[in-house]
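Spelled out from the first residue to the last, the chains are:
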Amino acid sequence: MRRFRFYAQWCVYAAGLLMVEEAQAQIGAPANSGQTPTANQLPLSGRGGGNASVTATESAIPGTTTSVNTINTTVQASGNYAGSASSAPIPFSGKLSFKDAIERGLKYNLGAVGLNETVRQANGQSRVARSSLLPNLTSSLSETVEQVNLRALGVRFSSPFPGFAIPAIVGPFNYFDLRARLSQTVANLTSLNNYRSAKETVKANELSGRDARDLVVLAVGGAYLQVIAAKARVESAKAQLQTAEAQYKQSSDQRAAGVLALTDLNRSEIQLLTTRERITSLENDYAKQKINLARLTGLPATDTYEITDTIPYSAAPPIELNAALQQAYSQRADLQAAEAQIRAAQYTRSAARAERLPSLSLSADYGAIGTNPSQSHGTFTVVGTLSVPIWQGGRTEGDIEQADAALAQRRAELEDLRSHIESDVRSAFLDLQAAASQVDVARRNLEVTRETLELTHQRFSAGVSEYVEVVQAQESLASADLDYINSVFAHNVAKLSLARAIGGAAEKLRAFLNLK
């Protein structure tokens with residue numbers, strides 16, 4: 001009888017333990033026991049908003065009667081394209097060629113660097129999207145020591161045996177669990193289309209990186225051309241200074257000989273001082289242009305280096321407008337990136353619509369559980385789950401509406417970009433034609449003003465003209481020289497802009513600028 005009572009007591013005790021375990025199963029696992037923490041991703045850039053761009057503009061100067069230079073050319077880089085990362089690992093001799101500047105810009109300009117990092121970030125996002133389609137395998141090892149109050153869990157027992165009481169406290173007891181868990185998505189169109197969208201986003205970012213190379217070429221090439229023009233202006237002014245100094249010396253000698261009026265001597269000195277003042281201003285601009293070029297190419301932001309190349313006037317490669325437009329539509333990387341963005345938006349819309357469809361997943365685990373490793377036994381679970389969405393509070397409809405809006409915006413942006421590309425090509429052609437005409441006029445004007453100055457000097461030496469005519473002729477020559485420098489600069493920038501407008505500027509640069 002005692003043995004029976006003892007056996008009955010332990011049966012009831014085991015039933016209590018079983019109820020405890022069932023209660024724990026209903027309550028659920030401890031918080032975060034089955035969750036894998038993920039990193040909180042930061043924005044790619046720590047800087048504030050603002051779009052980065054590079055633009056080359058040629059605008060008409062209001063009418064003037066003293067200069068043929070009617071086009072003002074500027075190349076403006078903003079945002080990341082106006083800066084660079086350090087290029088300290090690349091040795092620098094202190095002399096910078098046009099080719100070296102372009103290569104340094106492509107490697108260290110912050111616009112190109114930023115787009116390269118954007119591609120890496122998109123690749124990471126694509127891998128995250130793919131992870132929901134691939135098997136996810138985790139493992140865990142747990143050791144549990146527990147004591148349970150059955151009364152606190154609402155468990156009440158009435159003993160069928162007089163004088164026999166069932167204990168309310170179970171334990172302490174312990175067990176360990178070594179387990180591996182596998183989860184696999186079998187069919188989920190939302191996850192599949194999210195991954196397809198992420199892959200198209202990666203492709204779009206890679207194409208944007210190619211387009212960034214064209215913008216870097218335009219920014220760095222334009223800055224180098226600006227430095228060349230600034231240097232030519234300084235050299236022209238210094239040549240004029242030598243002429244002014246020689247003329248002032250001649251005037252001083254003539255004044256000492258009593259054959260020149262004091263007013264003419266004063267005009268000669270004013271001309272000399274004005275030329276020196278102009279040189280100071282031009283040298284200041286030359287130094288600033290060199291600092292700007294250094295900032296774009298990863299060099300220290302100083303003007304303590306020399307440029308080694310001059311890019312004289314050369315005719316543009318023969319190309320028709322319609323052919324250039326066709327090349328631009330087929331080669332512009334930003335247009336291809338916009339098309340990839342549309343495909344990504346279409347996949348995102350498909351993913352949103354697929355939220356209404358059933359999904360199938362599989363999960364399994366296998367492990368060993370026991371009071372210690374020597375007394376453990378293998379256990380496993382295999383679960384197939386078919387999830388059928390019925391009503392999610394309107395979330396699916398909201399996701400579809402957002403995806404439709406994004407797709408419509410991407411399509412509108414593509415149409416705008418096509419129009420913008422046509423505008424770029426046509427504007428570059430117009431600038432090229434205007435700049436070429438300006439070069440011809442400026443060259444001829446320079447020849448005429450030189451002849452005029454020489455004849456004026458002869459007339460003045462012969463005493464048949466006043467010194468004011470010499471001053472006017474010198475000013476005309478200075479203006480004509482600057483006009484020619486500016487016109488050659490405008491023509492080279494127009495060719496550079498056309499190469500960017502067509503696409504693949506880095507590859508076309510040598511042919512367009514006639515570089516050796």
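Reading guide: rules and limits
Residues numbered from 1 in each chain as written. Predicted model: local features only at pLDDT ≥ 70, side-chain atom pairs only at ≥ 80, totals over all residues. Heavy atoms only, no water. Helix = DSSP H or I, 4+ residues; strand = E, 2+ residues; numbered from the N terminus. Buried < 20%, exposed > 50% of the residue type's maximum accessible area, 1.4 Å probe, protein only. Areas by Shrake-Rupley, 256 points an atom, 1.4 Å probe, with all protein chains shown as cover. Patch = residues over 30% accessible without salt bridge, like charges linked within 9 Å, V, L, I, M, F, W, Y side chains within 5 Å. Salt bridge = Lys/Arg side-chain N within 4 Å of Asp/Glu carboxyl O. Axes fitted to C-alpha atoms, helices over the stretch in contact; angles between N-to-C directions. Parallel < 35°, antiparallel > 145°, perpendicular 65-115°, else oblique. Nonpolar A, V, L, I, M, F, W, Y, C, P; charged D, E, K, R; others polar. Core = buried A, V, L, I, M, F, W, Y, C linked by side-chain atoms within 4.5 Å. Contact = heavy atoms within 4.5 Å. Expected span 1.5 Å × (residues − 1). Pairing = 2+ DSSP bridges. Phe/Tyr/Trp six-rings, centres within 6.5 Å; stacked < 30°, edge-to-face > 60°. Lys NZ or Arg CZ within 6 Å of the ring centre and 35° of its normal.

Draft legend 1. Here's a closer look at the overall build of the chain. A tally of helices and strands in the chain yields 10 helices and 8 strands. Burial status across the chain gives 37% buried among its 516 residues. For the chain, the accessible surface area stands at approximately 29,400 Å², while carbon and sulfur atoms represent 54% of it.

Draft legend 2. Main features of a nonpolar patch on the surface. Taken together, Val186, Leu360, Leu362, Tyr366, Phe380, Val382, Leu386, Val388, Ile390 and Trp391 make up a surface patch of nonpolar side chains, about 1,200 Å² in accessible area. For the nonpolar patch, the secondary-structure elements that each account for two or more residues are β7 (359-370) and β8 (377-387). Counting through the fold element by element, Leu386 comes out in strand β8. On the accessibility criterion, Leu386 (57% relative accessible area) is exposed.

Draft legend 3. View of the packing of helix α4 (residues 189-256) against helix α7 (residues 333-353). Look at α4 against α7: their axes get within 8 Å of each other, and the N-to-C directions meet at 170 degrees. Our classification of the angle between α4 and α7 gives roughly antiparallel. A class-by-class count of the residues in the contact of α4 with α7 yields 8 nonpolar, 10 polar and 7 charged.

Draft legend 4. Region of the structure containing the side chain of Ser359. Mapped onto the elements, Ser359 comes out in strand β7. Look at Ser359 and you get buried, because its relative accessible area is 19%.

Draft legend 5. Broad picture of the nonpolar core. Ranked by internal contacts, the top residues of the largest apolar core, which has 66 residues, are Tyr224, Leu293 and Ile307. Elements represented by at least two residues in this core include exactly α2 (98-108), α4, α5 (262-297), α6 (321-331), α7, α8 (395-461), α9 (467-502) and α10 (505-513). A total of 18 residues in this core trace back to one element, the largest contributor, which is α4. Sequence-distant contacts of Leu293, defined by excluding residues within four places in its chain, comprise Leu96, Val220, Ala223, Tyr224, Val227, Tyr305 and Ile307.

Draft legend 6. Examining α8 more closely. The terminal C-alpha atoms of α8, which comprises 67 residues, lie 93 Å apart, in line with the 99 Å expected from a rise of 1.5 Å per residue. Just beyond α8, the residue with positive phi is Gly463, at close to 80 degrees.

Draft legend 7. Molecular detail of the pattern of salt bridges. Going through the model one piece at a time under the given rule, you end up with 16 salt bridges. Two residues, Arg500 and Asp211, come together in a salt bridge whose shortest N-O distance is 3.1 Å. You can see Arg500 sitting in helix α9 and its partner Asp211 sitting in helix α4, a full 289 residues away along the chain. Overall, the relative accessible area of 9% leaves Asp211 in the buried class. Here Glu245 ties to Arg276 by a salt bridge, and the two come within 3.7 Å at their closest N and O atoms. Taken together, the residues span a long stretch of sequence, with Glu245 in helix α4 and Arg276 in helix α5 at a distance of 31 residues. Since its relative accessible area comes to 34%, Glu245 is described here as partly exposed. The exposure class assigned to Arg276 is partly exposed, which follows from its relative accessible area of 39%. Connected through salt bridges with shared partners, the residues Asp177, Arg179 and Asp365 form a single ionic network.

Draft legend 8. Looking closely at the sheet that holds strand β4 (residues 136-149). Spatially, β4-β5-β7-β8 is the arrangement adopted by the 4 strands of the open sheet, whose pairing is antiparallel. Two strands close off the open sheet at either side, each with one partner strand: β4 and β8. Each strand of the sheet is rotated relative to its neighbour by a mean of 25 degrees, with strand direction disregarded. Bridging between β7 and β8 involves 11 bridges; their strand directions are antiparallel. Its bridge partner lying in β8, Ala364 is registered against Val382.

Draft legend 9. Structural view of the packing of aromatic side chains. A full pass over the atoms with the stated rule returns 2 aromatic pairs. Ring geometry for Phe92 and Tyr305: centres 6.2 Å apart, planes at 70 degrees, overall edge-to-face. Residue Phe92 is located in the loop between β2 (71-78) and β3 (95-96), and its partner Tyr305 is located in the loop between α5 and β6 (306-307); the two are separated by 213 residues in the primary sequence. When the centroid spacing of 5.2 Å and the interplanar angle of 90 degrees are considered together, the rings of Phe98 and Tyr224 count as edge-to-face. Placement of Phe98 in helix α2 and of Tyr224 in helix α4 is noted, with a sequence separation of 126 residues between them. For the residue pair Phe98 and Tyr224, the accessibility class agrees, reading buried in each case. The ring of Tyr305 is capped by Lys290, whose NZ or CZ atom sits 5.1 Å from the centre of that ring. Looking at Arg418, its charged tip hangs above the ring of Tyr329, at a distance of 4.5 Å from the centre.

Draft legend 10. Here's a closer look at α2. Those residues of α2 that fall on the buried side of the exposure criterion are Phe98, Ala101, Ile102, Arg104, Gly105, Leu106 and Tyr108. Those residues of α2 hidden inside the fold are in contact with β3, α3 (110-131), α4, α5 and α10.

Draft legend 11. Geometry of the environment of Asn445. Take Asn445: it is sitting in helix α8. The partly exposed category is assigned to Asn445, whose relative accessible area is 24%. The sequence separation of Asn445 and Ser479 amounts to 34 residues, and the corresponding C-alpha distance is 9.6 Å.

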